[in-house]
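Tertiary structure, described
Here is what each chain is made of, one letter per residue.
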Amino acid sequence: MSVILALDQGTTSSRAIVFDHAGGIKAVAQREFAQIFPQPGWVEHDPEEIWATQIAVAHEAMACARVTARDVAAIGITNQRETTIVWDRATGQPLCNAIVWQDRRTAAACDALKTRGLEARVAEKTGLVLDAYFSGTKLAWILDNVPEARARAAAGRLAFGTVDSWLIWKLSGGAVHVTDASNASRTLLYNLHTGDWDGELLGLLGIPYRVLPRVRASSGVAGETAAGLFAAHIPIAGIAGDQQAALFGQRCVTPGTVKNTYGTGCFMLMHTGKRPVPSRNKLLTTAACRTGARPEYALEGSVFVAGAVVQWLRDGLGIIKTSAEVERLAASVADNGGVYLVPAFTGAGSPHWDPYARGAILGLTRGSAAGHIARAALEAIAYQSADVLHAMEADSGIRLEELRVDGGAARNDMLMQFQADILGVRVVRPKVTETTALGAAYLAGLAVGYWKDGQEIAAQWQAERRFEPGMDRGQAGALMNRWRKAVERAKNWAEQ
């Protein structure tokens, strides 16, 4: 029992990371998979490709770390949230492609629910806004649009899950159909106050109870790997949505502590303790990781496009060849030259919640160059995060003094310094920036006694660099005002 294996299933790639007892990384393996765009606003993944890449990198990481299944104390799983998969219980075959969290096809369905005056009721129960982002309307769409799906679901022949449930089903050979509260709370079907699926919400969306997974704690043995996957059975002992896993991995486990993850999207969470805090500023109230008997909660702001804007510069515009080149290109100009890029490619998330917003580049002149667009793209990530933090401070009444950061884009020094400057808040990057996977590893390790308690793992967290704000507050305010002006131009663009 020398290591923990973390499976980090993200929006654009599947990764596996092997952690040792000190929380250090022994090996990492990663594989990208296809992004499917059937029509504008639709985003899909192949569930079988998700599984194939995830199990492949698990074996690859273990081989790189030179460990066998008998050396693995437990597996922890963290995943892209809200992405919706439905499969046949008997065959294990998906009914259709997964509908990804970024997908906007159910925006009209959410509008219809709002027209019926249900928004406040849904928010009261779930802590969420009525938006196509969440799983519930995606699941309803599948049941309504795949032939015979609704009848098969009512007969108990189908299973629904977010990506964690799909992976656990596959890992266990179809023996275990579970999720945890951090994932369940992102479905529009889970009642934060009762800690279970809500009959009224299921009725609103026409979801039969029989398709749902059982909700369990984030830390605890849910099952074990099936024969033939590895050389020995391995306990599956940690489950958490990626952002709550990162909150746990960053050791933001006391009220008022905040982390921001810079991945495909950008997600800021503030731990609020043992009670859910309703938002007055269009943030989400969500479940945090539960390791004990009592539930824990967080406030969250969700930015749909963060690191994905850099991928767009690479794959869409072709102004960089690799994502790593963006910092050099952005640094080739002294400032943004008045250029603002609003990356609302799939609508605007917190605190705007406009599914009809679309991407825009504003302030272009004949003097605008590729460097200005690259810089505007990086700055947009920081501006969106600032919008979320200001709403979070207003909801909580807490003035933040420190922001802990992680995720791929957190390695970008220019972005992190600009984030500190625009916020006027110290930004702290840990030595281990793979905090999403680390959180899943900690949850699994605690469940099997690999780590004794939270104090033991808290002692492992170390800062790698602190970025202190240096920008004049008047200048920061002027930049934010121009950003907000640009956002207003991008809102309500697509046809409703």
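All of the points below concern the structure found in this document. (Residues numbered from 1 in each chain as written. Predicted model: local features only at pLDDT ≥ 70, side-chain atom pairs only at ≥ 80, totals over all residues. Heavy atoms only, no water.)

1. Brief notes about the pairing of strand β8 (residues 158–161)
Regular strands place their side chains on alternate faces of the sheet. Quick note on the threshold: Using a 1.4 Å probe on the protein chains alone, a residue whose accessible area is under 20% of its type maximum counts as buried, one over 50% counts as exposed, and one in between counts as partly exposed. Only DSSP runs of H or I reaching four residues or more are called helices, and only runs of E reaching two or more are called strands; each is numbered from the N terminus. Paired strands, in this sense, are two strands between which DSSP finds at least two bridges.
Side chains Leu 158 and Phe 160 project from β8 onto one buried face, and the interleaved Ala 159 and Gly 161 project onto a second face that is buried too. Direction of pairing for strand β6 (residues 85–88) relative to β8: antiparallel, over a ladder of 4 bridges. Residue Ile 85 lies in a different strand from β8, and its bridge partner there is Gly 161.

2. Here we look at the nonpolar core
Test applied: What we call a nonpolar core is a set of buried Ala, Val, Leu, Ile, Met, Phe, Trp, Tyr and Cys residues that are connected through their side-chain atoms within 4.5 Å. Here, residues are in contact when the closest pair of their heavy atoms is within 4.5 Å.
Counting residues in each nonpolar core, the largest one holds 110 residues, and the members touching the most others are Ile 207, Tyr 262, Leu 403 and Ile 422. In this structure Ile 422 touches Ala 382, Tyr 383, Ala 386, Arg 473, Ala 476, Leu 479 and Met 480, once residues within four positions along its chain are discounted. Ala 27, Ala 58, Ile 168 and Trp 169 belong to the second-largest nonpolar core, a separate cluster that totals 40 residues.

3. Considerations on the pattern of salt bridges
Here is the rule we go by: Here a salt bridge means any side-chain nitrogen of Lys or Arg lying within 4 Å of a carboxyl oxygen belonging to Asp or Glu.
A full pass over the atoms with the stated rule returns 32 salt bridges. Note that Glu 82 and Arg 186 form a salt bridge whose closest N and O atoms lie 2.7 Å from each other. Here Glu 82, found in the loop between β5 (72–79) and β6, pairs with Arg 186, found in the loop between α7 (181–184) and β10 (190–191); they are 104 residues apart in sequence, far enough to count as distant. Judged by relative accessible area, Glu 82 falls into the buried class, the value being 1%. With a shortest N-O distance of 3.8 Å, Arg 484 and Asp 387 are connected by a salt bridge. In this pair, Arg 484 is assigned in helix α16 (residues 473–490) and Asp 387 in helix α12 (residues 370–396), connecting sequence segments 97 residues apart.

4. Describing the sheet that holds strand β18 (residues 297–303)
Short version of the rule: Fitted lines through C-alpha atoms give the axes, limited to the stretch in contact for helices. The angle between two N-to-C directions lies from 0 to 180 degrees.
The strand order β17-β18-β16-β15-β21-β22-β23 describes an open sheet built from 7 strands, whose pairing is mixed. The strands lining the two open edges of the sheet, one partner per strand, are β17 (284–287) and β23 (463–467). The mean angle between the axes of side-by-side strands here comes to 30°, regardless of whether they run parallel or antiparallel. Across 3 bridges, the pairing between strand β15 (residues 258–262) and strand β21 (residues 402–406) is parallel. Note on β21: the bridge partner recorded for Asn 260 is Val 405.

5. Quick notes on the sheet that holds strand β13 (residues 219–224)
If you walk across this open sheet you meet the 6 strands as β3-β2-β1-β5-β14-β13, and the pairing is mixed. Each of the sheet's edge strands pairs with one partner strand only, and the pair in question is β3 (25–32) and β13. On average, each strand axis in the sheet is tilted by 25° relative to the strand beside it, whichever way the strands run. Both strand β1 (residues 3–9) and strand β2 (residues 13–19) contribute to a ladder of 6 bridges, which runs antiparallel. The residue of β2 that forms the bridge with Ala 6 is Ile 17.

6. A few points about the side chain of Asn 183
What counts, and what does not: Here a polar contact is recorded for every N or O atom pair within 3.5 Å, except that within protein the pair must consist of a potential hydrogen donor and a potential acceptor, and residues adjacent in sequence are included only if both atoms are side-chain atoms.
Relative to the helices and strands, Asn 183 resides in helix α7. Here the side chain of Asn 183 touches Asn 79 through a polar contact of 2.9 Å, side chain to side chain.

7. A look at the environment of Ala 293
Its place among the elements puts Ala 293 in the loop between β17 and β18. Residues Ala 293 and Ala 217 lie 76 residues apart in sequence; the distance between their C-alpha atoms is 8.4 Å.

8. So, the side chain of Gln 243
When you line up the elements, Gln 243 lands in helix α9 (residues 242–249). Residue classification places Gln 243 among the buried positions, given a relative accessible area of 3%. Apart from the residues within four sequence positions on either side, Gln 243 is in contact with Arg 81, Lys 259, Thr 261, Phe 267, Leu 269 and Glu 300.

9. Some thoughts on unusual backbone geometry
Most peptide bonds take the trans form, and the phi angle of most residues other than glycine is negative. Following Ser 350, the chain continues into Pro 351 via a peptide bond in cis, with omega recorded as -10°. Checked against the element boundaries, Pro 351 lands in the loop between β19 (340–342) and β20 (360–362). Of note in the backbone geometry, Glu 148 takes a positive phi value of approximately 65° without being a glycine. Tracing the chain through its elements places Glu 148 in the loop between α4 (135–145) and α5 (149–154). In this structure Glu 148 comes out as exposed when scored by relative accessible area, which is 62%. Positioned with a positive phi, Arg 251 is a non-glycine residue whose angle comes to about 60°. In this fold, Arg 251 is placed in the loop between α9 and β15. Arg 251 gets classed as buried once you look at its relative accessible area, which sits at 14%.

10. Observations regarding the packing of α9 against helix α14 (residues 435–447)
Angle between the axes and distance between the axes: these two values describe a pair of packed helices. Which entries qualify depends on this criterion: In this scheme, roughly parallel covers angles under 35 degrees and roughly antiparallel covers those over 145, while 65 to 115 is roughly perpendicular and the rest are oblique. Classification used: nonpolar for Ala, Val, Leu, Ile, Met, Phe, Trp, Tyr, Cys and Pro, charged for Asp, Glu, Lys and Arg, polar for all others including Gly.
In the contact formed by α9 and α14, the axes pass within 7 Å of each other and the chain directions differ by 75°. In terms of orientation, α9 and α14 fall into the roughly perpendicular class. On α14, the residues touching Asp 242, Ala 245, Ala 246, Phe 248 and Gly 249 of α9 are Thr 435, Thr 436, Leu 438, Gly 439, Ala 440, Tyr 442, Leu 443 and Leu 446. Its residues assigned to classes, the contact of α9 with α14 shows 8 nonpolar, 4 polar and 1 charged.

11. Brief notes about α9
Counted residue by residue, α9 has 8 buried out of 8 residues, so it is predominantly covered. Taken residue by residue, α9 has Asp 242, Gln 243, Gln 244, Ala 245, Ala 246, Leu 247, Phe 248 and Gly 249 as its buried positions. The positive-phi residue at the C-terminal boundary of α9 is Arg 251, with phi of around 60°.

12. Details of the packing of α12 against α16
Taken N-terminus to C-terminus, the directions of α12 and α16 make an angle of 95°; their axes are 11 Å apart at the nearest point. Judged on the interaxial angle alone, α16 and α12 are roughly perpendicular. Contact with α12, carried on its side by Ala 380, Tyr 383, Gln 384, Ala 386, Asp 387 and His 390, involves Leu 479, Met 480, Trp 483 and Arg 484 of α16 and no other residues of that element. Taken together, the residues of the contact of α12 with α16 break down into 6 nonpolar, 2 polar and 2 charged.

13. A word on the state of the cysteines
Inclusion rule: We call a pair of cysteine sulfur atoms a disulfide whenever their separation is within 2.5 Å.
Applying the stated criterion across every chain yields a total of 0 disulfides. With no disulfide partner, Cys 252 has as its closest neighbouring cysteine sulfur the one in Cys 289, 12 Å distant. On the basis of relative accessible area, Cys 252 is assigned to the buried category, the value being 2%. Of all cysteine sulfurs, the one in Cys 252 lies closest to Cys 266, which takes part in no disulfide; the gap is 14 Å.

14. Considerations on the packing of aromatic side chains
Worth spelling out the cut-off: Classification of ring pairs uses Phe, Tyr and Trp, with its six-membered ring standing for Trp, and accepts pairs whose centres are within 6.5 Å; under 30 degrees between planes counts as stacked, over 60 as edge-to-face, and the remaining range as tilted. A ring is considered to have a charge above it if a Lys NZ or an Arg CZ atom is located within 6 Å of its centre and within 35 degrees of its normal.
If you walk through the whole model with that rule in mind, you get 18 aromatic pairs. On the numbers, 5.7 Å between centres and 70° between planes, the contact of Phe 304 with Trp 353 is edge-to-face. On the criterion of sequence distance, the pair formed by Phe 304 in the loop between β18 and α10 (307–317) and Trp 353 in the loop between β19 and β20 is long-range, its members being 49 residues apart. A relative accessible area of 3% places Phe 304 in the buried class. Take Trp 353: its relative accessible area is 9%, and that puts it in the buried class. Following the ring pairs from residue to residue traces out a cluster consisting of Trp 101, Tyr 133, Phe 134, Phe 267, Phe 304 and Trp 353. For the cation-ring pair, Arg 105 lies above Trp 42, with the distance from its terminal atom to the ring centre recorded as 3.7 Å. Taking NZ or CZ as reference, Arg 404 lies 3.6 Å from the ring centre of Trp 461, over its face.

Interpretation in functional terms is not warranted from these geometric data alone.
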